[in-house]
Each structure stands twice: as C-alpha cells, then as structure tokens.
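Structural overview
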Amino acid sequence: MKNAPSDLRVRKGCCVLRSHTCGELRLTHLGEKVSLCGWVDRVRDHKGVMFVDLRDRWGRTQVVIGPESSAATLAAVRLVRPEWVLLVEGLVGARPDGTTNPKLLTGAIEVGCRELTVLNEAQTPAFQPSATDLPGEEVRLKHRWLDLRRPAMQENLLLRSRIVKIMRDHCDELGFIDVETPVLGRSTPEGARDYLVPSRLDHGAFFALPQSPQLYKQLLMMAGFDRYVQVARCFRDEDLRADRQPEFTQLDLEMSFVEAADVMAVIEGLVKRTAREILGVDVPMPLAKLSWDDCMERFGHDAPDLRYGLEISDLTAIATASDFRVFRAAVEAGGRVRGILVPQAAAKFSRKDLDALTALAVDAGAKGLVWLKMEPSGEWSGPVAKNLTGPVGENIRAKLAAAPGDLALIVADTFDISSKALHTLRKRLGSVLQLYDPNAMHFSWVVDFPMFAHNAESGGWAAMHHPFTAPRAADLALLDSDPAACRAQAYDLVINGSEAGGGTIRIHDGRTQEKVFQLLGISPETAREQFGFLLDALRSGAPPHGGIALGIDRWVMLFAKLDSIRDVIAFPKTQKASDMMTGAPSPVAPKQLLELGVRTIVPPQP
RNA sequence: GGGGGUGUAGCUCAGUUGGUUAGAGCGCCAGCCUGUCACGUUGGAGGCCGCGGGUUCGAGUCCCGUCACCCUCGCCA
C-alpha cells in the first residue's frame, strides 16, 4: 500500500488518477493495464483470494486480490471496509469459466489488482448504500450524501440532467434567449405566500423570493427579446406535498407575437422530443385539447388522469323526475345529480369497501354517496334502490349504460361538490382497480379556463391563473357584463392527472390590465404602487405575448415513474420545509437580526 | 390549522392478554475459509423501546401530552 500520490501522473484521456470508470471495462479490454477509482461496495474475503466490488456512478467492477498480488497489497486490502475510497491499478482479466456475473455489465471481466491506494478511509456509514433494504426517508435525508451514492438516486439525477438538457437544446434551437431574472424581488399580495428577505439597508422593508419570474419575463418581451427561456428556481411558502416543495424549478419561457397555439406547439415539440429520447416512445401530435368545462363535467377536475375512463355522467334530468328525496333536494337547491359507472365492480366491493368510498365522498364535502349494484336480473340493489324503481331506475341504467355486475356511484350536490367527490372516487377506483398501466404516460392540454373564480374570503373575484392573463378576444366584453362567463387564453399541460405546466397569453394593453385589476379588487392606487412599472411598460409599446412554465421536478418525477418529487431533487426539504442535513432553517445571531432591524416574537432556541 | 400513519440496536423490522434478563436479519468487532458476487461459517459487542407525565405491585405494551418524519384536506394567483 502506498499513500495517495501528491504528484498526479497524467494518464491517457483527461483523467489523472484513473484510466477507466467502474462501468466501462469489457472483454475487449483484456490484458490492458488500467486504474480505477471508486468506493468499496462490498468485500468478499476468501483468505487466499479476495474480491472487492469497486463502485462509482458509472457502475461496478470486481477487483481480485489473489496470489499474484504482492503480500503488501494482500495485507492492505484486508483492512479495507465498505465506502472506503480506493485507487486500484491492475490488469483486466477474463473471469474463469462459471464465475462470470451476468447481472453486471462488467460481469465478464475483473481487474487483477497490482497496486492498491487508499485515497480515503470511511467510518462505518449510517446505512449501506449497497443495501437492499431502503432506510426510512428521515435517515436518507439526514445522510443525503450516502443516499445520493445509491445507484437509483444517481439515475434519477442523471435523468433530470438529461431532461433539462433536452429542454435547453429544444429552446435554443428555436431561438430562445436564456436570461436570468432577480431572486430578490418585490412582494405582491397575489398568489402564494412569499418567502421574505429583510433589507439591511432599509429597515422594515423586505424583498420577496420569486414565486415565478412572471413579470420579469413579460418585461423582457416588452424589451424586445422575443423569445425568453430560463431554468428558474421558484419559491412558495405553502404547505408541502409529495409533489410539492417550497423551492422548485420551472422551465420558464415567454414568446412575443404569438397566440396560444404557438406556445403550445413549442411545448408539444418538447414533449415529443423528451418522450422519444427518454422513453423511446412516439407521442402523436397534436395533443388532445379538453376545455375546462368539459374536464369538470366529465372528470370533476381540471387536471384529470386520462389513462383510464370512469367518466362522470349527468343524471340531473332523470333525477328531476324522481321521488327520491335526496335527488329532489339537490336538484331543487340548484345542484346536480351525477354518477360514475364502474363496470363489473359490484362483486369487488363489500359493504365495508363501499362505506370507505362513502367516507371519501363525505370528506370531499358531499352529504353522502348513493351506490347501486346491478343484479343479474337487471334490477338495481343497494340501500336506496327501492327509491329508484320503475322508469327512474331504467333511465339511470340507460344513461350509464349499466350491465349486470356493474357498480354505480352517484352524488347529488352542488356542481363543485359533486365534481370534487366524483373526482376523488374516480382517482381511488382507478388505482384500486388498477385501471391503467402505471408505466403509461398520457399528455393532454386543458384549455379555456375561466378568467375568474369566486374568492371565498373577499366575496369578490380571484384570478384563476394570475392577474396578467388575457381573456379570449371574443370574451373581452364579458369583463363588464358577465365576468364569470369570461374565458381566459390559458392552457395547462396535464400528464397522468398531474399539472405539469401552465401558461397563458398575457394582457398587453394597459386599459385591459387595469380593468382586470379592478375586477380583482385591486384599487387603482394599489395597482399603481405595486404594478406601476408593468402598467407603464404596457403603454410603452408592449407586443402581444404569452408563455408557459413547466414544473421540471414533476416532469422528471413522472418520466422516472416515481411517486415523490424529493427523489428527483438532490437536497430536498421535509414536510415542515426543513433540511434534515444542514438543519436549515436555524436561529441566527442577535447581531444579525439587529443589523436587519428585525426582532423575533419567539425567542431563539438555545 | 384539521384528519390519518409511523417512531424498539447503526439500518430494516418482530415483540402475544401489562409479567423474569427486549429478539431476528443486515451492518459492526474478532476468528476460520483460494472463485465469490446479498459469499459462507464460528463467536462477540451493541438498547433513553422518540421525549415528558400518568395509571399500576409491575409499562416497549394502557392513558394524556409533546416532538420528528410520511400521506392527506385546507392552502398552493
């Protein structure tokens, strides 16, 4: 054994220490003198002969230390432990007959060790990256450097890198200019909660981290950049989910002199290219476009999973003719009666299962769930079937196209609540009944969003997308007469029931922008104070423009067929937005707070 | 903020109705082993049962509180 060399010898290629990676050697390298660097994955000691699996991000190679190796090397390797970092020099040899390992790409060869250099020792790791049992996520996050040594995690980040490169290449080839925008910006009350950064030079004033570069990219259009793109970090101080982190990355882009179709075409090209290069799948273009109304009506949600059916049917007209009190009450209150037919599911759901589904519907706000099973006789059965005999039952059967053995789930409530309940049920049924191939990917657009939604807090209007979204040209007059009916030039990209991107054509004239602000309850004074620069810029020769932002983390998660966004982020945060590894966020020194003119209410923890 | 789940050895987990000294596999330490590749084999060390309180003759187990992590509703223009 010798110590790590201080005089780095130049070898072939650009690598000084190593000639090859641990995933590289094949039978074609037989007899070559090579040097490998990597981590000790496993050691197998057979006294006279020892095996060390050396691992790097490229793969794993078996190193043999046998009688041919020097006594010093043999003695040295006996001390080696998993996760030590080694430099191994030796000859590539073919493995003896019957000892090749087809599970490894390098399984036909092994490196006969001539010289062994310990580049670094390692304390016993908190968990073994090579282990088959995955540690709990808490442990993985705390020792993230170990977790990231696992081949699965390395593959995830490699996939992310490839996808981002495809995105950048695609935009570059289409003439997009990559422009960076500020991270320290101005807080606006719209949208999500801001992350704030206190100003040292102006006590009492705060920067906000961007929820997205929305206004900057619009101003770049007004500046004439025509096509802008950025891989942009965004920050939203809201509660986390499996697919939501407080900081996340968007492919943010904006184009001038375009209509929605132009932006969508750019993204469709990207979808096609990514699917081809990453999955080897050809996605037919153009993608299906569903109107928002259609989505809500048929799936109860604005980002439906279209890998399976279970569409919602409207039974309101049938219910109107019914004596069933539950149905009548909903209809008379202006609500709707809607249902899902689950083919050949009657026998699969026990009373207990149906109670669980009912609980789901109730959680979604519904007062209950009507379930009906169709008997072989063609009659409905179930707790309320007796209320739905005769023509009503027959009409429901006809409308749902129900057959014996089918299960019908019906919700009578407001449109919003029935949508939510049936969407929740549809999702549950889809996964429980395995109605789709989990490896399949389905891309579609949802378009024609309403401009506004009712804001429960203020009682006024809230922007469905954001306050800069342009209404459809034909709907411009509706801003005055009927804002609720006004549709936006908005488009969401939906992948497997997940919102993977969203964009709009923007308002490019000041008068319309002011009108929309006004509808949103933003006074002219507030608008001037917070968005004065935008209003001025809109009056300074703003081109028609629009764009989109894609959630890169979600894209990678979906393309990697993973359930958690954290598995495609190198250093993610926990559900309480803390970093298990660094301990962020942490208390700071009183001096730092003093400089910032900030006083905390809760005293710092010791 | 609400609902649900988990927390026992470094890691993954078992632990019965509340009852003697809390177990297993992996890892770790020390032997044996010349063709293994999740090597095998013999022995050994290793525990604040998340934390605090309570009930009890007795608590890993029951009760209350609390903390952390995960899923989820609200929230996320």
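Residues numbered from 1 in each chain as written. Chains lettered and ligands numbered in written order. Predicted model: local features only at pLDDT ≥ 70, side-chain atom pairs only at ≥ 80, totals over all residues. Heavy atoms only, no water.

Interhelical geometry of helix α5 (residues 214–222) versus helix α15 (residues 524–538) gives an angle of 25° and a closest axis separation of 10 Å. One element, α5, and the other, α15, form an angle in the roughly parallel class. The handedness of the crossing between α5 and α15 is left-handed. From α5, Leu 215, Gln 218, Leu 219 and Met 222 reach across to α15, where they touch Phe 531, Phe 533, Leu 534, Ala 537 and Leu 538. For the contact of α5 with α15, the residue count by class is eight nonpolar, one polar and no charged. (Axes fitted to C-alpha atoms, helices over the stretch in contact; angles between N-to-C directions. Helix = DSSP H or I, 4+ residues; strand = E, 2+ residues; numbered from the N terminus. Parallel < 35°, antiparallel > 145°, perpendicular 65-115°, else oblique. Left-handed = near helix turned anticlockwise from the far one by under 90°. Contact = heavy atoms within 4.5 Å. Nonpolar A, V, L, I, M, F, W, Y, C, P; charged D, E, K, R; others polar.)

Moving on, we get to the packing of aromatic side chains. Summed over all chains, the structure comprises nine aromatic pairs. With a centroid separation of 4.9 Å and 65° between ring planes, the pair formed by Phe 324 and Phe 327 is classed as edge-to-face. When sorted by exposure, Phe 324 lands in the same class as Phe 327, which is buried. Geometry around Trp 58 places Arg 57 over its ring, the cationic atom sitting 3.9 Å from the centre. (Phe/Tyr/Trp six-rings, centres within 6.5 Å; stacked < 30°, edge-to-face > 60°. Buried < 20%, exposed > 50% of the residue type's maximum accessible area, 1.4 Å probe, protein only. Lys NZ or Arg CZ within 6 Å of the ring centre and 35° of its normal.)

Under the defined criterion, the tally for this structure stands at 42 salt bridges. In this structure, the salt-bridge partner of Lys 165 is Asp 169, at a minimum N-O distance of 2.6 Å. On the criterion of helical spacing, the pair formed by Lys 165 and Asp 169 is a turn pair, its members being four residues apart in helix α4 (residues 151–173). Across the pair Asp 413 and Lys 367 runs a salt bridge whose closest N-O atoms are separated by 3.3 Å. One end of the pair, Asp 413, is in strand β16 (residues 407–413); the other, Lys 367, is in the loop between α10 (351–363) and β14 (370–374), and 46 residues separate them in sequence. Through salt bridges that share partners, Asp 41, Arg 55, Arg 60, Glu 83 and Arg 149 make up one connected network. (Salt bridge = Lys/Arg side-chain N within 4 Å of Asp/Glu carboxyl O.)

When pLDDT is averaged across chain A, the result is 93; 97% of the residues are at 70 or more. Here residues 1–12 is modelled with pLDDT under 50, and outside its nearest four sequence neighbours on either side it reaches 29 contacts, counting other chains as well. (pLDDT = per-residue confidence, 0-100.)

Turning next to the packing of α4 against helix α6 (residues 260–279). In contact at an axis separation of 10 Å, α4 and α6 are set at 140° when each is read in the N-to-C sense. Taken together, the axis directions place α4 and α6 in an arrangement best described as oblique. Here α4 and α6 pass one another in a crossing that is right-handed. Across the interface between the two elements, Leu 159, Arg 162, Ile 163, Ile 166, Met 167, Asp 169, His 170 and Glu 173 from α4 touch Val 266, Gly 269, Leu 270, Arg 273, Thr 274, Glu 277 and Ile 278 from α6. Within the contact of α4 with α6, the residues separate by chemical class into seven nonpolar, three polar and five charged.

This part covers the environment of Ile 417. One can find Ile 417 in helix α12 (residues 415–432). On the accessibility criterion, Ile 417 (24% relative accessible area) is partly exposed. Taking the C-alpha atoms as reference points, Ile 417 and Arg 168, separated by 249 residues in sequence, lie 41 Å from one another. Beyond its immediate sequence surroundings of up to four residues, Ile 417 is in contact with Ala 364, Gly 365 and Ala 366.

Next up on the list: the state of the cysteines. Here, the word disulfide means a covalent bond between the sulfur atoms of two cysteines. One pass over the full model with this rule turns up zero disulfides. Cysteine Cys 113 shares no disulfide, and the gap to the nearest cysteine sulfur, in Cys 37, comes to 12 Å. Residue class for Cys 113 comes out buried when judged on its relative accessible area of 2%. A disulfide-free cysteine, Cys 295 has its sulfur positioned 19 Å from the sulfur of Cys 486, the nearest such atom. Its relative accessible area of 0% is what places Cys 295 among the buried residues. (Disulfide = S-S within 2.5 Å.)

Next up on the list: the sheet that holds strand β6 (residues 177–178). One open sheet accounts for eight strands, arranged β6-β9-β10-β22-β21-β20-β17-β11; its pairing is mixed. Of all strands in the sheet, those bounded by a partner on one side alone are β6 and β11 (288–291). Pairing between strand β20 (residues 490–495) and strand β21 (residues 498–505): six bridges, direction antiparallel. Of the residues in β21, the one forming a bridge with Asp 492 is Gly 502. With respect to the sheet, α4 is in contact with β6, β9 (227–235), β10 (247–256) and β22 (545–551), its orientation differing from that of β10 by roughly 15°. (Pairing = 2+ DSSP bridges.)

An ideal rise of 1.5 Å per residue puts 26 Å on 18 residues; α12 measures up with 25 Å between its terminal C-alpha atoms. Each element contacted by the buried residues of α12 is listed here: α7 (292–299), β12 (312–314), β13 (336–342), α10 and β16. A positive backbone phi angle near 50° is found at Gln 434, which sits one or two residues after α12. (Expected span 1.5 Å × (residues − 1).)

The immediate surroundings of RNA strand B are formed by 52 residues, with Arg 44, Thr 99, Glu 110, Gly 136 and His 465 found nearest. Here RNA strand B approaches the protein such that, of its atoms within 4 Å, sugar and phosphate make up 56%. Contacts to RNA strand B include Arg 42, whose side-chain N or O atom sits 3.3 Å from a phosphate oxygen. Contact distances for RNA strand B include 3.0 Å between a phosphate oxygen and a side-chain N or O atom of Lys 47. Looking at the surface near RNA strand B, the elements that each hand over two or more residues are β1 (33–46), β2 (49–56) and α2 (137–142). Top contributing element to the surface near RNA strand B by residue count: β1, with four residues. A per-class count over the surface near RNA strand B returns 14 nonpolar, 18 polar and 20 charged. (Near = heavy atom within 4 Å. Polar contact = N/O pair within 3.5 Å; in protein donor to acceptor, adjacent residues only side chain to side chain.)

With that settled, the discussion passes to the pairing of β13. Burial analysis of β13 places six of its seven residues in the buried class, the great majority of the element. In this structure, β12 lies alongside β13, joined through three bridges in antiparallel fashion. The residue of β13 that forms the bridge with Ile 312 is Ile 340. With seven bridges connecting them, β13 and β16 associate as antiparallel partners. Note on β16: the bridge partner recorded for Gly 339 is Ile 410.

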